[in-house]
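A structural walkthrough
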Amino acid sequence: MQLLTPHTPAEEEVAGLREPGELSGATRTKVVFAAALGPLVAGYALVVALFALVTALASISHFSVLGVLRAAGPGLLAAYQVPVSITGGDLGVLPLLGTIGVGALVAGSAAHAAGRLGYREPGQAVNVVAPIAATHALAGITIALTVGDVRLSVEPLTAFLVPGFVSALCATAGLAKRCGIVAAAREYLDPVALRGLRAGALGLAGLLAAGAIVYTVSLVVSVHTVGQLFAANAPGFGSSVGMLLLSVGYLPNAVVATLSFVAGPGFSVGAVSLTPFSFRGGTLPGLPLLGGMPEHAARWWPALLVLPAAVGVLVGWSLRHSDEDPRARLRTVGIAGALIGFGCVLLGTLAGGRLGHGPFNPVSVPVGLLSVAAFGWIAVPGSLVAWLAGSRRMPAPPMVVEEEPEPEPVEEPEEEDLPAEPEEEPQESEEPEEQPEEAPEEESGPDDAEEPVQASDEPKDPGD
């Protein structure tokens, strides 16, 4: 007979609840495994769907399921910014929009896994970031080894390192707030540095917005040219859809290149290069994305430099009340400019690269000049606005109350250290010294010694 002990409703409710930190080992493994493989599966499925759509709609292509599945692997690596070699030519200019999408998938998956596992400390983030990075690195080298072909190939070492680094960076960014990494960083950074980092993020967004505005205006003005490029290089509905998807994928690259043009250093596509002060023409790829490229220089191009200067003014205006000390505000603007310069180096590196062996190689953005120019456009006008628009009163130095010094105790020298004083001779007193009173003679006892009496030769008088 089995004995059953009834439980109260309160006990059943408590037993049914399980804290996130009390998950079993198998459940934890499943959560981490899903966080590592989820972005890979979702990204691969998305690439397969896009390739299948373009291949099915194109009128001059032959649809093959096996061919789409094989081509989707290198397409996924291209989203991680892994260069791909096509018929011997390196394709290093890779779409930034795919990288943004993959990064968002990895960051969201890592944040969800950290929430399921109940992680709240910075040290616990390694338990999620390390498996994700290792899984993506192994997937990259597996794809590189399995798709080796004469027409299409990927460098195995690059396919191993780049996806691992990108996934680790995105996963850390995804769970930084949930695991307390942001709060821990705030404890080690002073308030001036934190305000500078926020202003730097604002300034970088402002520069990207300036580049996007200029690129959009140029594309709208050249809409007729864009239509001609679609008709000439992508005839038919299916080809036009493929060309449109390709152009949308490279849209962030075009915005970064336009940002470099607006800031001053410019960019180049093969032999074609342009800056606000110079222009060199040549042959361009027949992409509608490049429909806004000018055919000759214009005198009003230097006026575009007002846009990055306005972003610098915006950064300085946002920091005008950040501190009462103007020197601290200047330091904050400098930190913001340094962050923007580093961001421009990263964006310029990702936006350019090799483009086969043809006349359009390479697509380059001068990242060094762009970094220096971006820092100058933020630091100079931002410092002036932050200094003049805010309080210029120097903080008063703290009052120091001077206390009277306590007298130091004088140490008495030891007797050995004292110099020997010469002995003074006793001086004779003018007054006669009083003679002490003679004590009465005590009767001598038998033991007392008697002084010898000398015998006299004179006869004694009988009367004495």
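Attention here is on the structure that accompanies the text. In this text, all values refer to a predicted model and were calculated from it rather than measured experimentally.

1. Details of the overall build of the chain
Of regular secondary structure, the chain possesses 14 helices and seven strands. Within the chain, the proportion of its 464 residues that are buried is 36%. When the accessible surface of the chain is summed, it comes to about 30,000 Å², and 63% of that surface belongs to carbon and sulfur atoms.

2. Observations regarding the packing of aromatic side chains
Here the structure, examined in full by the defined rule, presents two aromatic pairs. A centroid spacing of 5.4 Å and a plane angle of 85 degrees characterise the contact between phenylalanine 261 and tryptophan 301, whose relative ring orientation is edge-to-face. Here phenylalanine 261 is found in helix α11 (residues 251-263), whereas its partner tryptophan 301 is found in the loop between β6 (278-280) and α12 (306-318), with 40 residues between them in sequence. Accessibility assignment for this pair places phenylalanine 261 and tryptophan 301 in one class, buried. Each ring, one from phenylalanine 279 and one from tryptophan 301, has its centre 6.3 Å from the other, and the planes form 70 degrees; the classification is edge-to-face. Of this pair, phenylalanine 279 sits in strand β6 while tryptophan 301 sits in the loop between β6 and α12, and the two are 22 residues apart along the sequence.

3. Focus on unusual backbone geometry
Residues asparagine 361 and proline 362 are joined by a peptide bond in cis, for which omega reads -5 degrees. On the secondary structure map, proline 362 appears in the loop between α13 (326-351) and β7 (363-364).

4. Notes on the pattern of salt bridges
Under the defined criterion, the tally for this structure stands at three salt bridges. Across the salt bridge formed by arginine 331 and aspartate 190, the nearest N and O atoms sit 2.9 Å from each other. Of this pair, arginine 331 sits in helix α13 while aspartate 190 sits in the loop between α7 (181-188) and α8 (191-221), and the two are 141 residues apart along the sequence. You can call arginine 331 partly exposed: its relative accessible area is 45%. Using a relative accessible area of 26% as the deciding quantity, one classes aspartate 190 as partly exposed.

So, how was this worked out
- Residues numbered from 1 in each chain as written.
- Predicted model: local features only at pLDDT ≥ 70, side-chain atom pairs only at ≥ 80, totals over all residues.
- Heavy atoms only, no water.
- Helix = DSSP H or I, 4+ residues; strand = E, 2+ residues; numbered from the N terminus.
- Buried < 20%, exposed > 50% of the residue type's maximum accessible area, 1.4 Å probe, protein only.
- Areas by Shrake-Rupley, 256 points an atom, 1.4 Å probe, with all protein chains shown as cover.
- Phe/Tyr/Trp six-rings, centres within 6.5 Å; stacked < 30°, edge-to-face > 60°.
- Salt bridge = Lys/Arg side-chain N within 4 Å of Asp/Glu carboxyl O.

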